[in-house]
Amino acid sequence: MTNSWTDIKNTDLVVIMGGNAAEAHPCGFKWVTEAKHHRGAKLIVVDPRFNRSASVSDYYAPIRPGSDIAFLMGVIRWCIENDKVQWDYVRNYTNVGYLVREDFGFQDGMFTGYDAEKRSYDQTSWEYELGEDGYVINDETLTHPRSVWQLLKKHVEIYTPEFVENVCGTPKDRFLKICEMIGETSSPTKTMTSMYALGWTQHSKGSQNIRGMAMLQLLLGNIGVPGGGMNALRGHSNIQGLTDVGLMSNLIPGYLAMPRETEPDFATYMSTRGNKPLRPNQMSYWQNYGKFMVSFMKALWGDKATAENGWGYDWLPKLDIVQYDAMRMFNMMKNGEVNIYFCQGFNPLLSFPNRGKMTEAFSKLKLLVVMDPLATETAAFWENHGIYNDVDTASIQTEVLELPTTCFAEDEGATVNSGRWLQWHWAGATPPGEARSDVWIMTQIYQRIRKLYETEGGKAPEPVLNLAWDYADPEEPTAAELAMELNGRALTTLYDATDPTKVVLEAGKQVSGFGQLRDDGSTMGACWIYAGCFTEDGNMMARRDNSDPSGMGVFQQWSFAWPANRRVLYNRASCDPDGKPWDPSRVLIEWNGEKWVGPDIPDIAVTAKPREVGPFIMNPEGTSRFFSRKLMRDGPFPTHMEPFESPMANPLNPEMRGNPVARVFPDDMANMATSAEFPLVATSYRLTEHFHYWTKHNYVNAVNQPEFFVEISEELAAEKGIKKGGMVRVWSKRGQVWAKAVVTKRIRPMICDGKPVHVVGIPIHWGFKGAARKGFGPNTLGPFVGDANIETPEFKAFLVNIEPASEGLA
Amino acid sequence: MNIDLSRRSFLRLSGAGVAATSLAAMGFHEAEAAEAAHVRDFKLATMTETRNICTYCSVACGVIMYSKGDLAAGEKAELIHIEGDADHPTNKGTLCPKGAALKDYVKAETRLTHPRLRRPGSDRFEEISWDEAFDKIARAVKDDRDANLIEKNADGLTVNRLTTTGYLAASATTNETAWATWKVVRSLGIVGFDNQARV
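Residues numbered from 1 in each chain as written. Chains lettered and ligands numbered in written order. Predicted model: local features only at pLDDT ≥ 70, side-chain atom pairs only at ≥ 80, totals over all residues.

Here we look at the environment of A:Asp7
Residues and elements named next belong to chain A.
- In this fold, Asp7 is placed in the segment before β1 (13–17).
- Separated by 548 residues in the primary sequence, Asp7 and Phe555 place their C-alpha atoms 9.8 Å from one another.
- Excluding residues within four positions of it along the chain, Asp7 makes contact with Pro226, Gly227, Gly553 and Val568. (Helix = DSSP H or I, 4+ residues; strand = E, 2+ residues; numbered from the N terminus. Contact = placed C-beta atoms within 7 Å.)

Structure below.
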C-alpha cells in the first residue's frame, strides 16, 4: 500500500476492483465503512461476482474475468475526453510532457520490437528522447505528437464505452455512471482510493492491470494524498516483509537486485546502477544504491567483505536467467532437474496451478523437506486419498521429512502489514511437542552443513564458511539480534562528511536511518529500508502509543513504518507545486517557508524547496510515469490482452493469444484449451470464513464452511440441468473436481462479443488434511502460466466445463 | 496515549475483588462499586497477557493472548484465549471470523509435534529425532551442492549457482526468520528461492 489501512477513512471514493476486501480483509474494510459514515464517501465495486463487498457498495458493475485493462483504459479515455484531469498535478508531477523516441510505435495490440520466437520485445524504442544536456526533453505545451500526453491520448482512443461493453460485458450505462463518479475525484479536494488484491495480480498481465489503475490515479491527482493511493491488500501476515527482505529468486533485501552473470564483478554490477537524474535538481534516490549494497554485504559476510574482494561479490550466486521463480522450479522439478526442495510454511501442492503437474514434480524429487506448524497436503502428496489425491504411493520414491515448527503464538519478531508497518509481537505459548522455531531449524541446518565443509572440504566452501554468524548463541540467534542487523550499525566511528571533527555515530551504535549508511565498509545494514526500526533508542517496532493528534490516521508513534517511519508514500504530492496542501482540511505535510512540516514524515528532503525537487524521488525524472519506459516486459502502456484461455478473440489482434511475452513452457501450451471445447470462464476466490488452506484445520472454521462448492448462475444451472445443492463435475484440460453446486443470483451471464459468457466461481480452501471435509481447489484446474513480469499464476480467468454428477462420487 | 486504566486492567482490578472503597476512589459511584464488588472473579484475571499480531492476512490486527503460565518467566504457558486488542489502531479490538478462531489454529489436532520421515515407496510417516533429521538434510544438501554447484559458467566467470536444490519460504514468519533464512539459503548458492508473494 502507498497509504495505510487507517488512512482509508480520509477518502471520498473507494474503488474495489481486483479484490473483495469486505470478505477477505474484513477488519481493514472497516475503514471503508468509517469513510462512508463520516465523510460520506462512496464505494464502487467492479467484479465478476456480486460479492460481499458489492453487497455493501453504493454502485456495482459486473466485469468479465481478465478484461480489467480495457475497463481502466476506458475510464482514462472518458476522463480525458470530459476534462476530468487534475491538471496542476499531472503537468507538474508526471511525465506527460516528455518526448518519446521517434521509432516507438504501437499497432495491432503490439508495441514496436516484438520477436515472436523469443516471446519478448526488443525495448530499444521504449525510451525518452534526451537533449544534448543529457536530460529528457519536456514539451510543456503537451502538443508535440511524441509527448507522452499525446501518445497516451492516442493509446486509449479505442477504449470507447462501446468497446468496453463488448469486451468486459459491463453494461454501458453502468460503465458511464462509474466514470462520472471516478471523474469527480479529479478535483484537488476529492480523493479516490484503489483497493486491490489477487483479483488483479493472478493474471498473465496482472502487473499491467495495476499499472492501469495507477495511471488513472495519477490523472486524477490521487497518488501521495490522504485517502488516495494504490493499495495492495496483501495476503499473508508477512508477505510484505518477506518481499522487503528479498526472499525471492531475483532479490536482495531492500529491493536490491541479485547479480546476473553478465555482471562479473562488483564494479560492473554497480556501473548500471548510477541512476543519474533525468531532469535538473532531482534527488533520484537510487543514486545511493552503492551505500545500501555495501552495507548489506557487510551484514552478510562481516569482516570477510572488503573493498579488495568487491565486498564478497564472488560469493553471491549469479543468475543466468531473469527468474528462478517457483513455477520455473516446479517445471524443472517435473523434468527431473531438481533433487531437493524445502517448503517452509508453504503448501504448493494446493497453491500452484495444474495440480497433476505439481504431483508429478514432487514425485521426481529425491528429498522434500517440509517445515510447518500443520500437517500439509504437500508433505503428504504421496498419500492416496481416493479422488482427492489419486496417487500410486508405492511408486513414489521421494523421501519426505516433515519438521514441526512454532506458529505466531509461540514466536517473537516483526511482521509487516499492508501499510508497511513493522509490528513486533511476543511469544505467549509453549510450542506443542517437539516443535521448534524456524530460526533454530535454519541454524541447525546451516551449522551442520558448515561443519561438513570444515571437516571434509568440498566445492566452493567460501560462501558457507564466510557467512557472518556473530550471535551470542550461535545455535539460536534471537529475534532482537536479527532485527538489529536488519536495521544496521556503524562498524567504525562515523564522522561528518563536511566536518571531519564531528562524530555522527560511534562505532558499534545502531544507525538511526538509512541516511547514515555508507559505501566504504564503515556501516552494515541488512535491509536499508528498515533502517530506523531498531535504533539506539530501542525497538521502534514495539512502540504502542496509539495517539493520533492530527486525526489523520497517521499514528506516528505506533510501531515503525518503512521507509523512515513514513506513513503515506510520495506525500510531497499531497501539496501543490508551492508546497500548500491541495486540501487544507487534510494535511499530511506542508512547506512552512523553510522546511517541510506536518504529521507525517515528508517523502522528500525536509529542506528541498518547492518547484525545485519533484515528489517522486525514487525516479531519476522526479516525476511519476504514464509511459513506463522499459520497466515492464509487456509494454510502456497497458494494452488489452485476453487471458490465455478466453471465450473471445482479442479485438485488437485476433491472432494474439494471452500475453504475447508471458513465459509458457512447451508442455503447458499444449495443455491450454479453446472455448470451443471449454466454453465457461472459471475464476478462483476466497471466503471470509477461511484463510487459504490453514483454517480448514480449525474446528470452528470448518463448521462455518465445511464443504467445497462451486458457484454458478441460475441461467447456467438451468441450461445444464444442475440443481441447487446438487453434485457437479467441473473439468478443464488439466484436471477435474467434484463439488456441490451453489446456484446464485450473485453471478449473472454477461454478453461479450455478442455471445453470453458464463462464469464459474471456485473457492480455494479445501484439500485432504484438517478438520473440514475433503475437497478440491481451483489449482487442480488452472493453467500453468504466470504474469509476464513477475510470474504470478493466472488463477482468475481460465476455461472449464461443468455437468451434473452422481451424488455418490464425492 | 498509554491510558492508565485500560479496560482489561480495570477488569482485573475489579474482578480480583478490590474493595468498594477503592473503586469509589477511582471515581465510581457507591452503588456501581457495590455491584462491581459482587461480580465473580474475571476468569482471565490470573492469565498472562501477551501482545501479538494475527497471523492470517496483512491487515495485521492486534490480538491479546491469554495463557496459563508465563513464558517470559520461563514457565510452561498454555494458551487459553485470544481476543482482539482494543488499543490497536487498525482493528480497535475487532476480529474477523478467521481471527476470532485463532486459538483453534494454535491448538489444532493436526499441529505437527515430532519430526517425521517418509521413506521411498512407503505409505506412512515414522517419527525420527531432530538429530537424525538434521544429519540427513545436511548430508543431502552438501552432497547435492558438491555435485551440482555451478562454480564457473562457460566463460569462466564465477557464478556459484545451485539450481538442483530449491527453497520456498513462509510469508507468515517474521522478518527475523526471513533474514536468517535468506543468509543460509543464499550462502549455499540457491537461486530457486521464493515466498507466497509469487502466488
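Considering the packing of helix α3 (residues 68–81) of chain A against helix α6 (residues 161–168) of chain A
Residue and element names in this part refer to chain A.
- Viewed as axis vectors pointing N to C, α3 and α6 meet at an angle of 165°, and their least axial separation amounts to 9 Å. Classified by the angle between their axes, α3 and α6 sit roughly antiparallel to one another. Between α3 and α6 the crossing geometry is left-handed. Counting all contacts with α3, which are made through Ala70, Phe71 and Gly74, the residues of α6 involved are Pro161, Phe163, Val164, Val167 and Cys168.
- In terms of residue class, the contact of α3 with α6 is built from 7 nonpolar, 1 polar and no charged. (Axes fitted to C-alpha atoms, helices over the stretch in contact; angles between N-to-C directions. Parallel < 35°, antiparallel > 145°, perpendicular 65-115°, else oblique. Left-handed = near helix turned anticlockwise from the far one by under 90°. Nonpolar A, V, L, I, M, F, W, Y, C, P; charged D, E, K, R; others polar.)

A closer look at the sheet that holds strand β3 (residues 78–84) of chain B
Residues and elements named next belong to chain B.
- Taking strand neighbours across the sheet as the criterion, the 3 strands line up as β1-β2-β3 in an open arrangement whose pairing is antiparallel. A strand with exactly one partner marks an edge of an open sheet, and here the two such strands are β1 (48–53) and β3. Shown here is a sheet whose adjacent strand axes are inclined to one another by a mean of 30°, direction ignored. (Pairing = 2+ DSSP bridges.)

Some points on the interface of chain B and chain A
- Contacts between the two partners involve 107 residues from chain B and, on the opposite side, 137 residues from chain A.
- Take the side of chain B that touches chain A: its biggest share by element is 13 residues, from helix α5 (residues 130–148) of chain B.
- Looking at the side of chain B that touches chain A, its residues break down into 51 nonpolar, 32 polar and 24 charged.
- Sheet topology places strand β14 (residues 399–404) of chain A next to strand β4 (residues 116–118) of chain B; 3 bridges connect them, and they run antiparallel. Bridging across to β4(B), A:Leu401 finds its partner in B:Leu117.

Considerations on α3(A)
Residue and element names in this part refer to chain A.
- Helix length check: α3 (14 residues) gives 20 Å between terminal C-alpha atoms against 20 Å at 1.5 Å per residue, within 8%.
- Within α3, 12 of the 14 residues are buried, which leaves the element mostly enclosed by the surrounding structure.
- Those residues of α3 lying buried are Asp68, Ile69, Ala70, Phe71, Leu72, Met73, Gly74, Val75, Ile76, Arg77, Trp78 and Cys79.
- Looking at the residues trailing α3, positive phi occurs at Asp83, about 55°. (Expected span 1.5 Å × (residues − 1). Buried ≥ 20, exposed ≤ 12 C-beta atoms within 10 Å, placed from the backbone.)

Details of unusual backbone geometry
Residue and element names in this part refer to chain A.
- Residues Trp562 and Pro563 are joined by a peptide bond in cis, for which omega reads -10°.
- By the element assignment, Pro563 lies in the loop between β23 (560–561) and β24 (590–591).
- At Ser559, a position not held by glycine, the phi torsion is positive, near 50°.
- By the element assignment, Ser559 lies in the loop between β22 (538–539) and β23.
- Residue classification places Ser559 among the buried residues on the basis of 30 C-beta atoms within 10 Å.

Quick notes on the nonpolar core
- Grouped together as the largest cluster of nonpolar side chains are 301 residues, with contacts concentrated most on A:Ile712 and A:Val760.
- In this structure, A:Ile712 is in contact with A:Ala717, A:Ile722, A:Ala741, A:Val743, A:Ile747, A:Val760 and A:Ile802, ignoring residues within four places of it in sequence. (Core = buried A, V, L, I, M, F, W, Y, C linked by C-beta atoms within 7 Å.)

A look at the domain arrangement of chain A
Residue and element names in this part refer to chain A.
- Domain assignment breaks chain A into domain 1 (6–232) and domain 2 (666–809).
- Once you take the C-alpha centre of each, domain 1 and domain 2 turn out to be 29 Å apart.
- The interface is formed by 24 residues belonging to domain 1 together with 28 residues belonging to domain 2.
- Residue assignment for the side of domain 1 that touches domain 2 shows that the elements contributing at least two residues are α1 (21–24), α6, α8 (198–201) and α9 (206–219).
- Among the residues making up the side of domain 1 that touches domain 2, the classes are represented as 7 nonpolar, 12 polar and 5 charged. (Domains from an automatic or database assignment.)

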